Amino acid sequence: MRIFNTLTNKLEEFVPIHEDTVNMYVCGPTVYNYIHIGNARPVIFFDVVRRYFEHKGYTVNFVSNFTDVDDKVITKALEDEMSELEVANKFIEAFYRDAQRVGSSTKYLAPRVTEYMSSIISYIERLVEKDYAYQVDGDVYFRVGKIDDYGILSGRKVEDLKEGARIDVNSRKENPLDFTLWKSTDVGITWPSPFGEGRPGWHTECVAMINDIFGGKIDIHGGGSEIKFPHHENEIAQAKALDGTNIANYWMHNGQLNIDDKKMSKSEGRIVLVKDLDHDYMGFRLFSLSTHYRSPINYTDDILDSYVKDWDRTRRVYKQSYYSLDLKDALEVKSEQTPELKGIELKFMDAMDNDFNTANAITELQNLVKYTNQILRKSDTEHALKAAIELFDTFFRILGLDPGVTKLSATDKAIYMEWADARRNKEFDKADRLREKLQERGIL
Ligand SMILES: [Zn+2]
């Protein structure tokens, strides 16, 4: 299994630190607003990463945090006359609702900054003790100059960064690149610390949490490409300063989502919230996985529509196959994989093994739809149909797609039989009435 490691810019064979276990951490949202469809991309993609590792037999320890202390959370709390905790609770709840809508599991460890404050403070204290950080009037800054290969992840050179940072004149810092670990402030929620009353900067929470939860280096660190610099670069710098490691063996970054080929922008009205999508969410999930995760993905209403239709077709073929066996009480027949099904399965797994190429995997899902349609048209194909259903189930489980098809009830079956009889006997009015009934029950 190969992963494109953004730290080395190479496709690398995946070798876990602990056999059969994958320890992974994905930077989560700052909870001051509803998530938009761009925020949903990592929520969907890294959920698929977890699912695929589990499919391969790994135990996956998946952690993704909530940033519930931040300028944006404080501003929102002041605006809405709520406490920071109330703002965070509201949008964490909304986040879980949206994650479930798009088919991602929410059963993972989701630490909050407010719960890890003592770990964050002691992490910063250790950086100060080791002289990698310094205090100025209650603020604490990280000494970037002490990290030889600062810029290793984002491929930036310190000289160029310095050039760019000159505009941001902060005479309190020794070096314009030094970043804030602790901020002395009396605005919004604050905590006491050895450096004075204040709150942490953004970059320490993830390393402190990873340290606490995993006890050291993890296998995979993920997030959106827009936080590669400075956030992930600064995580690496801090972990190097304390432990001499870069905290993760593999770094994975997903590309951005654009709307109408342009960057999403709230001020220009180019933003779509997940909760406002008035489409089938499974269709959206399919769309989101239809482009390789490292590439940017372009959203338009038409593109989404085509995936919603695609999902409809997939679901319909699955449903027809499932019900055709169910109506004959043949759901438990032995499955018999045909060479065509085997070929589709191999290509799907190959795509997933090759840096989670969900785009190619979805092509195989479409091939499965086409092939199953052919089986459906033939008679005496129960065993192959059963194998096709099993393969659908595997693909759905890995991609996190839910067709929502369950066994027919006795009443459903009776109506269906009656409908089939009416059709056979050319009782058209009766057949039409029964068809409507079956449609209402979601069977046809
Ligand atoms: Zn982070």
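Going by the structure above, here's the rest.
Since the model is a prediction, treat every value here as computed from it, not as a measurement. (Residues numbered from 1 in each chain as written. Predicted model: local features only at pLDDT ≥ 70, side-chain atom pairs only at ≥ 80, totals over all residues. Heavy atoms only, no water.)

Student: Provide a residue-level description of the overall build of the chain, including the pertinent values.
Tutor: Per the secondary structure count, the chain includes 14 helices and 13 strands. Each of the three principal axes of the chain carries a C-alpha extent, and together these read 90 × 50 × 35 Å. Here the chain holds 444 residues, and 53% of them are scored as buried. Here the contacts in the chain between residues at least 6 apart in sequence split such that 77% fall between residues at least 24 apart. Within the chain, the 73 negative side-chain charges are centred at a point lying 5 Å from the centre of the 59 positive side-chain charges. (Helix = DSSP H or I, 4+ residues; strand = E, 2+ residues; numbered from the N terminus. Buried < 20%, exposed > 50% of the residue type's maximum accessible area, 1.4 Å probe, protein only. Contact = heavy atoms within 4.5 Å. Lys, Arg positive; Asp, Glu negative; His and termini not counted. Charge placed at Lys NZ, Arg CZ, Asp CG, Glu CD.)

Student: Help me get a handle on the coordination of the zinc ion, residues and values and all.
Tutor: Coordination sphere of the zinc ion, protein contribution only: Cys27 (SG), Cys206 (SG), His231 (NE2) and Glu235 (OE), at 2.1 to 2.5 Å. Considering all four donor atoms around the zinc ion, the spread of angles at the metal, 78 to 123°, places the coordination shape in the irregular class. Donor residues for the zinc ion, ordered by position in the chain, follow C-x178-C-x24-H-x3-E. Here cysteine 206 is found in helix α6 (residues 204-214), whereas its partner glutamate 235 is found in helix α7 (residues 228-243), with 29 residues between them in sequence. (Donors = N, O, S within 2.8 Å, 3.2 Å for Na, K, Ca; no water. Tetrahedral: all angles 85-135°; square planar, octahedral: opposite > 155°, others 65-115°.)

Student: Lay out the packing of aromatic side chains with the relevant residues and their values.
Tutor: Tallied over the entire structure, the rule returns 29 aromatic pairs. Taking 5.0 Å as the distance between ring centres and 50° as the angle between the ring planes, the aromatic pair formed by phenylalanine 14 and phenylalanine 53 counts as tilted. Here the residue phenylalanine 14 occupies a position in the loop between β2 (10-13) and β3 (21-26), and phenylalanine 53 occupies one in helix α1 (residues 37-55), the gap between them amounting to 39 residues. Taken individually, phenylalanine 14 and phenylalanine 53 each receive the classification buried, so the pair is uniform in this respect. Among the aromatic residues, ring-to-ring pairing joins Phe14, Phe45, Phe46, Tyr52, Phe53, Tyr58, Tyr250, Tyr293 and Phe356 into one connected group. Over the aromatic face of phenylalanine 4 sits the side chain of arginine 294, whose NZ or CZ is 3.9 Å from the ring centroid. (Phe/Tyr/Trp six-rings, centres within 6.5 Å; stacked < 30°, edge-to-face > 60°. Lys NZ or Arg CZ within 6 Å of the ring centre and 35° of its normal.)

Student: Run through unusual backbone geometry, naming residues and quoting values.
Tutor: The omega torsion across phenylalanine 229 and proline 230 is 0°, close enough to zero to call that bond cis. With respect to the helices and strands, the residue proline 230 is situated in helix α7. Here asparagine 9, not a glycine, exhibits a phi torsion of approximately 55°, which is positive. Tracing the backbone shows asparagine 9 in the loop between β1 (2-5) and β2.

Student: Please set out a negative patch on the surface residue by residue, giving values where relevant.
Tutor: Judged by side-chain charge, Asp260, Asp261, Asp278, Asp301 and Asp302 come together as a negatively charged surface patch. With respect to the secondary-structure elements, aspartate 278 resides in the loop between β12 (262-263) and α8 (281-288). (Patch = residues over 30% accessible without salt bridge, like charges linked within 9 Å, V, L, I, M, F, W, Y side chains within 5 Å. Areas by Shrake-Rupley, 256 points an atom, 1.4 Å probe, with all protein chains shown as cover. Salt bridge = Lys/Arg side-chain N within 4 Å of Asp/Glu carboxyl O.)

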